[in-house]
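# Structure assessment
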Amino acid sequence: MTKRILWGVGSTRALRAHWALVFLGLEYETRAILTRTPAMETPEYRAVNPRGKIPTLIDGDLTVTESPAIVAYLAERYSTPERRLIPEGIEQRAFYFEWMSFISMELDATSLYVLRRHEGLPEIYDPAPEACVAARAYFERMIKAAALRLDDGRRFLLGEAFFGVDILMTSCLDLAVNYGFELPEAFAAYRARIGDEPSTILAHRANAPS
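Residues numbered from 1 in each chain as written. Predicted model: local features only at pLDDT ≥ 70, side-chain atom pairs only at ≥ 80, totals over all residues. Heavy atoms only, no water.

## As for the overall build of the protein
Along its length, the protein carries nine helices and four strands. Its helices and strands taken in sequence order, the protein reads β-α-β-α-β-β-α-α-α-α-α-α-α from the N to the C terminus. By the compact-globule yardstick of 17 Å for 210 residues, the protein fits well, its C-alpha radius of gyration being 17 Å. Projected onto its principal axes, the C-alpha coordinates of the protein cover approximately 50 × 45 × 30 Å. A buried classification covers 47% of the 210 residues belonging to the protein. Across the protein, the fraction of contacts at a sequence separation of at least 24, relative to all contacts at a separation of at least 6, is 64%. (Helix = DSSP H or I, 4+ residues; strand = E, 2+ residues; numbered from the N terminus. Rg over C-alpha atoms; globule rule 2.2 N^0.38 Å. Buried < 20%, exposed > 50% of the residue type's maximum accessible area, 1.4 Å probe, protein only. Contact = heavy atoms within 4.5 Å.)

## As for the pairing of strand β3 (residues 56-59)
Every second residue of β3 is oriented toward a common face, with Thr56 and Ile58 on one face and Leu57 and Asp59 on the other, all of them buried. Here strand β1 (residues 4-7) pairs with β3 via four bridges, running antiparallel. Counted as the bridge partner of Trp7 is Thr56 from β3. As paired elements, β3 and strand β4 (residues 62-65) share four bridges and run antiparallel to each other. Looking across to β4, one finds that Ile58 is bridged to Thr63. The antiparallel hairpin formed by β3 and β4 contains two residues in its connecting segment, where Gly60 sits at a positive phi of about 65°. (Pairing = 2+ DSSP bridges.)

## What about the side chain of Ser111?
Position of Ser111 among the secondary structure elements: in helix α4 (residues 90-118). Residue classification places Ser111 among the buried residues on the basis of a relative accessible area of 0%. In this structure Ser111 touches Glu106, Ala135, Tyr138 and Phe139, once residues within four positions along its chain are discounted.

Here you go:
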């Protein structure tokens, strides 16, 4: 069997990788390193990921970093008719990658990452209150616009089936709630539905620091 190792626990981005692995029913080993700890600076880990970030997935001879890429890779390689994390049809796949880009860039990198740095770690990155106000306003505008896509009553982002983009979105919504955002009603209900899914519970357990 291919040796599969996931480096990283305890972060939102590590959670995404654990979630995809758990959902797809894949066996893997966990290297339980935490972000911003000495374990990330060791020669062993720097040889795996020179950027020193988590998560990192090793799947046989392949090494993949960046949580959206890990989720997409696992979805492409290991989805089955019973457990599928990426759609097969070209149009649905276009919407999948549209959501992936929107979540990664507009919600996470442009908004939530600013708050994680300047509100969550002001002792490292300084408070930057004006940047945080702008990030909050931008997130609220983007999430309200995205909520319009759920007006047709769909259960998940692409319809009635759960896919990898739902992992990415839910992790961002969890962060947003942690930072005091009030989600649009459609996304609050969506987040509650996913919170009850078995894979959600198992993924959080897998991501918990030991």
